[in-house]
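Here are the chains, one letter per residue:
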Amino acid sequence: MSVQPETLKSLVKAAAEQLIASAPELTALDQAIGDGDHGTNMKRGFEAVLGKLNEIGVQPLDEALKTIGKTLVMTVGGASGPLYGSFFLAAGEAMRSRQLPDDLADVFGSGVGAVSARGRSRPGEKTMLDVLVPVLETLKAEVGRPDLIERIRTTASEAVARTAPMQATKGRASFLGARSVGHVDPGARSSCLLVHAVCNTLEARK
Amino acid sequence: MSDTVGIVIVSHSQDIAKGTADMVRQMVGSEVKVAFCGGNPDGGLGTSVSLILDAIGSAWSPKGVAILVDLGGAETNSEMAVEMLQPERRNLVVVCNAPIVEGAVMAATEAAGGSSLEQVRAVAEELSAG
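Residues numbered from 1 in each chain as written. Chains lettered and ligands numbered in written order. Predicted model: local features only at pLDDT ≥ 70, side-chain atom pairs only at ≥ 80, totals over all residues.

K.L.:
Which parts of the structure should I look at to understand the overall build of chain B?
P.N.:
A count of helical and extended segments in chain B gives six helices and four strands. Ordered by position from N to C terminus, the α and β elements of chain B give β-α-β-α-β-α-α-β-α-α. The globule rule puts the C-alpha radius of gyration for 130 residues at 14 Å, and the 13 Å found for chain B is close to it. Structurally, chain B occupies a C-alpha span of about 40 × 30 × 30 Å along its principal axes. Out of the 130 residues in chain B, the part that is buried amounts to 53%. In chain B, once contacts between residues fewer than 6 apart in sequence are set aside, the share between residues at least 24 apart is 72%. (Helix = DSSP H or I, 4+ residues; strand = E, 2+ residues; numbered from the N terminus. Rg over C-alpha atoms; globule rule 2.2 N^0.38 Å. Buried ≥ 20, exposed ≤ 12 C-beta atoms within 10 Å, placed from the backbone. Contact = placed C-beta atoms within 7 Å.)

What follows is the structure, given as structure tokens:
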């Protein structure tokens, strides 16, 4: 399967618009346990991605992913820039030698691995990995099932909720120690929003 | 004059970055190249990979560049910037695990004596060893 330009564009557009619309929510979450800039940073990054939509839309998928990654790296302005940027850069690199849909989990897993390396972080530390890793596990285990999209969406939602009782040991929230407990992690939430936007768009195009 | 290791200061705040660079210049003089940057791509508080790349370029020395950062995002963005350098420069830039002001002053002092990049980094990082 190759991804049609129109599908690619609608996926990128949906994801970007979702993040831009959710900026106030992400900022509110980040004000609780971080430095309050996650919403505006992600908004700036995805506005820049939207600005390149026509360029991205005609690129092969591996190049498109890298363009998204590079754009986020250069425009986000917080740690989430290199983190999300590394996800897309590594996924794009993996995509060069792989095929969809068979290797979807592989490609996604390459992105997740890059986030883990960049942040020197693992699941359980109240970060975006606490959503990305469960989503990866679901992708691996459930690929080929007719209700895969629904399962991924549910996995992401449940994974975000599980970050609330966690104590942060990475990132800015770790300075708060036990006071980070009780708040959902903003990075986990933005990862969930991205996953949901992709799922919803794919479902609507079925 | 022989080359000395260059110093790059990366803060979320341009004021802090500039103030740190001013202190370094006053204490160490102008024999060490010092570049600084602060602020996100919109000019608000934060850091910017492209500004960090520019700063590395202007502090560049064949002996390498030591970067001093303030908070998490400055470190992550600096590491990202280092990876985006041309391969032959990548191994000549280090992000020091040290407090930004004291680390910059110590690193620049060490650099002024003609020390290697590893020596400069080690002196700055002694501050964190407690």
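Having seen the structure, we can now continue with the description.
K.L.:
What's the story with the overall build of chain A in this structure? I'm lost.
P.N.:
In terms of helices and strands, chain A carries 10 helices and zero strands. Starting at the N terminus and walking to the C terminus, you meet the elements of chain A as α-α-α-α-α-α-α-α-α-α. Relative to the globule expectation of 17 Å for 206 residues, the C-alpha radius of gyration of chain A, 16 Å, shows essentially globular dimensions. Principal-axis analysis of the C-alpha atoms places the extent of chain A at approximately 45 × 35 × 30 Å. Nonlocal contacts in chain A, meaning residues at least 24 apart in sequence, comprise 62% of its contacts between residues at least 6 apart.

K.L.:
Hey, could you run me through the environment of A:E55 in this one?
P.N.:
Residues and elements named next belong to chain A. Its location among the elements puts E55 in helix α4 (residues 53–57). We classify E55 as exposed; it has 12 C-beta atoms within 10 Å. Considering only alpha carbons, one finds E55 and T67, 12 residues apart in sequence, at a separation of 8.8 Å.

K.L.:
Explain the packing of helix α5 (residues 61–75) of chain A against helix α6 (residues 80–95) of chain A to me, please; I cannot follow it from the model alone.
P.N.:
A packed helix pair is summarised by two numbers, namely the angle formed by the two axes and the spacing between the axes. Residues and elements named next belong to chain A. Running from N to C, α5 and α6 cross one another at 165 degrees; their axes reach a closest spacing of 7 Å. Compared by their axis directions, α5 and α6 come out roughly antiparallel. For the element pair α5 and α6, the recorded crossing hand is left-handed. The segment α5 lies against α6, with L61, D62, E63, L65, K66, I68, G69, K70, L72 and V73 engaging G81, P82, Y84, G85, S86, F87, F88, L89, A91, G92 and M95. In terms of residue class, the contact of α5 with α6 is built from 12 nonpolar, five polar and four charged. (Axes fitted to C-alpha atoms, helices over the stretch in contact; angles between N-to-C directions. Parallel < 35°, antiparallel > 145°, perpendicular 65-115°, else oblique. Left-handed = near helix turned anticlockwise from the far one by under 90°. Nonpolar A, V, L, I, M, F, W, Y, C, P; charged D, E, K, R; others polar.)

K.L.:
How should I be thinking about the interface of chain A and chain B in this particular structure?
P.N.:
One frequently used descriptor of interface size is the decrease in accessible area upon assembly of the parts. Every contact between the two is made by 16 residues of chain A and, on the other side, 13 residues of chain B. Those elements that place two or more of their residues in the side of chain A that touches chain B are α3 (38–51), α5 and α6 of chain A. No other element matches the four residues that α6(A) contributes to the side of chain A that touches chain B. Considering only residue class, the side of chain A that touches chain B consists of five nonpolar, seven polar and four charged.

K.L.:
Any chance you could explain helix α2 (residues 23–33) of chain A here in plain terms?
P.N.:
For an α-helix the count is 3.6 residues per turn, leaving residues at separations of three or four pointing the same way. Buried residues of α2(A): A:L26, A:T27, A:L29, A:D30 and A:I33, and no others. Projected down its long axis, α2(A) carries its buried residues within an arc of 165 degrees, all on one side. (Arc of directions from axis to C-beta.)

K.L.:
Looking at this structure, I do not really get the nonpolar core. What am I missing?
P.N.:
Buried together is how nonpolar side chains tend to be arranged in soluble globular proteins. Within the largest apolar cluster, 97 residues are counted, with the highest numbers of intra-cluster contacts made by B:I7, B:A66, B:I67, B:L68 and B:A107. The element that contributes the greatest number of residues to this core is α6(A), accounting for nine residues. (Core = buried A, V, L, I, M, F, W, Y, C linked by C-beta atoms within 7 Å.)

K.L.:
Hey, could you run me through the pairing of strand β3 (residues 65–69) of chain B in this one?
P.N.:
A regular strand carries its side chains on alternate faces of the sheet. Residues and elements named next belong to chain B. Of all five residues in β3, five are buried, a share of seventy percent or more. Here β3 shows no split at all, with V65, I67 and V69 on one side and A66 and L68 on the other all buried. In this sheet, β3 lies alongside strand β1 (residues 6–11) in parallel orientation, the contact comprising five bridges. By the bridge assignment, V10 is partnered in β3 with V69. Pairing of β3 with strand β4 (residues 93–96) involves four bridges; the strand directions are parallel. Paired with V65 across the strands is V93, a residue of β4. (Pairing = 2+ DSSP bridges.)

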